[in-house]
Amino acid sequence: MEKELENLLVSLKNELDKCTKEFDVLNLKSKYLGKKSRLSEILSELKNMSVEDKRLYGSVINNTKKQMEQEVNEKIENLDSKVNISFDDTIDYDVNNGSLHPVTIVAKEVTDCLKKMGFTVVSGPEMESEYYNFEALNVPKDHPARDMQDTYYLDNGMLLRTQTSDNQIRGMENYGAPLRICAPGRTFRNEDLDANHENTFFQIEGMVIDKNISIENLMYVMQELLKEVFHTNIKVRLRPGFFPFTEPSYEMDMSCVICGGKGCPTCKNSGWIELIGCGMVHPNVLRAGGIDSEQYTGFAFGIGLTRLAMMKYKINDIRVLNSGDIRYLKNFDIK
Ligand code: FA5
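Residues numbered from 1 in each chain as written. Predicted model: local features only at pLDDT ≥ 70, side-chain atom pairs only at ≥ 80, totals over all residues. Heavy atoms only, no water.

## Re the overall build of the chain
Moving on, step 1. Along its length, the chain carries 12 helices and 9 strands.
Moving on, step 2. In terms of overall dimensions, the chain has a C-alpha envelope of 65 × 60 × 40 Å along the principal axes.
Moving on, step 3. When each of the 335 residues of the chain is scored for burial, the buried share is 46%.
Moving on, step 4. Taking as baseline every contact in the chain between residues at least 6 positions apart, the subset at least 24 positions apart corresponds to 68%.
Moving on, step 5. Entry remark: accessible area of the chain is about 17500 Å², with carbon and sulfur atoms responsible for 48%. (Helix = DSSP H or I, 4+ residues; strand = E, 2+ residues; numbered from the N terminus. Buried < 20%, exposed > 50% of the residue type's maximum accessible area, 1.4 Å probe, protein only. Contact = heavy atoms within 4.5 Å. Areas by Shrake-Rupley, 256 points an atom, 1.4 Å probe, with all protein chains shown as cover.)

And the structure:
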């Protein structure tokens, strides 16, 4: 095992030497230190070892981990530019020459389209309670679905919301039924970062509650939204999904625009990018929002706005969007 750990460290160093971009370094961090890395596998093997072996190997493994983290951090610090694009640093930035952020643009396109369909735009807090983020959404403590969204818990007993679905409950509480709301906002998950996963990203939630609402209504709204954003036919697929707050649940994927669906690092060679979670509102959720589930039905959806912006502007790495580098973001041909 010691030899293997040594080899991992050497191999990481070799690969780091070849990196010139922060994105590539972060990809290596994920490959060597992420949840699916060989190191994580070795760490999880520890629990099956005898106490003696644990003592023996535990410190070797942890030392290797620390060294690897150090190598990655040093590499990032020593990179000339965090976003590796060459710019003329002598440019005097003209404040009048600003441009909207790609996520702002798609958020506006989606909300404008929803407003035309009678939706009211609402918002909720980014620091949220477990009740609104999970419990009221039919995700009790110890429910395995909580593991699907690695949560940042705060010292004050609150959390950073993992989804905009907290607005479903707040919306029902505030406005009752019938209801038609949408809620764009920032969400947070303790994820391993890669080309299509951020730990801070935007979603927009939508919820419609009325008498006789059906899946057809949901599909119509999804179609209209995508038309509004892309102005052209795009290839999507609908798959059965699982969310405790909807039944039935679906996930909608879009054919990856970077590779045209052939498979590339952005879509992890699948040809598809997961874009939307949706479904018919679970009666328990209606009840939690104080709505009569015998009288009313509803649908809800959560669209990944940051991924939508990636697809609209053919951005092959989601992390660019949080880079905050105006010089880079201004390179997109945004009208
Ligand atoms: C949800 O967050 C559900 N709240 C969506 C929902 C709402 C379902 C209402 C049913 C009813 P999910 O974890 O799949 O589901 O995320 C929804 C979308 O957010 C994804 O399809 C994807 O576009 C985006 N997303 C999820 N995780 C990330 C991430 N780490 N980085 C960037 N985008 C992400």
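## A few points about the pairing of strand β5 (residues 200-210)
Moving on, step 1. Most of β5 is tucked away: 8 of the 11 residues are buried.
Moving on, step 2. Sheet analysis places strand β4 (residues 179-188) next to β5, joined by 10 bridges and oriented antiparallel. Counted as the bridge partner of Arg 186 is Phe 202 from β5.
Moving on, step 3. With 8 bridges joining them, β5 and strand β9 (residues 297-304) adopt antiparallel strand pairing. Residue pairing across strands places Asp 210 opposite Thr 297, the latter belonging to β9. (Pairing = 2+ DSSP bridges.)

## Some remarks on the domain arrangement of the chain
Moving on, step 1. The domain architecture assigned to the chain consists of domain 1 (2-81) and domain 2 (102-329).
Moving on, step 2. Computed over C-alpha atoms, the centres of domain 1 and domain 2 are 33 Å apart.
Moving on, step 3. The partner domain 2 presents 9 residues to the 6 residues of domain 1 that form the contact.
Moving on, step 4. Of the roughly 610 Å² buried between domain 1 and domain 2 on both sides combined, carbon and sulfur atoms contribute 47%.
Moving on, step 5. Linking domain 1 with domain 2 are 0 salt bridges.
Moving on, step 6. On the surface where domain 1 and domain 2 come into contact, there are 1 residue pair in polar contact (both at pLDDT 80 or more).
Moving on, step 7. Each residue belonging to the side of domain 1 that touches domain 2 can be placed in one class, and the counts come to 2 nonpolar, 3 polar and 1 charged. (Domains from an automatic or database assignment. Buried area = accessible area lost by both parts, 1.4 Å probe. Salt bridge = Lys/Arg side-chain N within 4 Å of Asp/Glu carboxyl O. Polar contact = N/O pair within 3.5 Å; in protein donor to acceptor, adjacent residues only side chain to side chain. Nonpolar A, V, L, I, M, F, W, Y, C, P; charged D, E, K, R; others polar.)

## Remarks on the sheet that holds strand β6 (residues 236-240)
Moving on, step 1. What the 7 strands build is an open sheet, ordered β1-β4-β5-β9-β8-β7-β6; its pairing is mixed. The sheet is open, and its two edges are formed by β1 (120-121) and β6, each paired on a single side.
Moving on, step 2. The pairing of β1 with β4 spans 2 bridges and is classified as parallel. The residue bridging Val 121 from the neighbouring strand is Cys 182, located in β4.
Moving on, step 3. Across the face of the sheet, helix α8 (residues 166-175) comes into contact with β4, β5 and β9 while running at roughly 145° to β4. (Axes fitted to C-alpha atoms, helices over the stretch in contact; angles between N-to-C directions.)

## What about the packing of helix α5 (residues 102-116) against helix α9 (residues 215-230)?
Moving on, step 1. Two elements in contact, α5 and α9, have axes separated by 9 Å at closest approach and are oriented at 135°. The angle between α5 and α9 places the two elements in the oblique class. Seen along the crossing, α5 lies across α9 with a hand that is right-handed. For the pair formed by α5 and α9, the contact residues are Val 106, Glu 109, Val 110, Cys 113, Leu 114 and Lys 116 on the first element and Val 221, Glu 224, Leu 225, Glu 228 and Val 229 on the second.
Moving on, step 2. In the contact of α5 with α9, the residues fall into 7 nonpolar, no polar and 4 charged. (Parallel < 35°, antiparallel > 145°, perpendicular 65-115°, else oblique. Left-handed = near helix turned anticlockwise from the far one by under 90°.)

## Comments concerning unusual backbone geometry
Moving on, step 1. Residue Pro 178 is reached from Ala 177 by a cis peptide bond, and omega for that bond is -5°.
Moving on, step 2. Looking at the secondary structure, you find Pro 178 in the loop between α8 and β4.
Moving on, step 3. The step from Glu 247 to Pro 248 runs through a cis peptide bond, and the omega angle for that step is 0°.
Moving on, step 4. Structurally, the position occupied by Pro 248 is in strand β7 (residues 246-255).
Moving on, step 5. If you check the backbone angles, Lys 314 has positive phi at about 50° while not being a glycine.
Moving on, step 6. Relative to the helices and strands, Lys 314 resides in the loop between α11 (305-312) and α12 (326-329).
Moving on, step 7. According to the relative accessible area criterion, Lys 314 is exposed, its value standing at 56%.

## Section: the side chain of Glu 130
Moving on, step 1. In this fold, Glu 130 is placed in helix α6 (residues 130-133).
Moving on, step 2. By relative accessible area, which is 19% here, Glu 130 ends up buried.
Moving on, step 3. For Glu 130, the contacting residues outside a window of four places in its chain are Glu 135, Lys 141, Arg 146, Tyr 153 and Leu 159.

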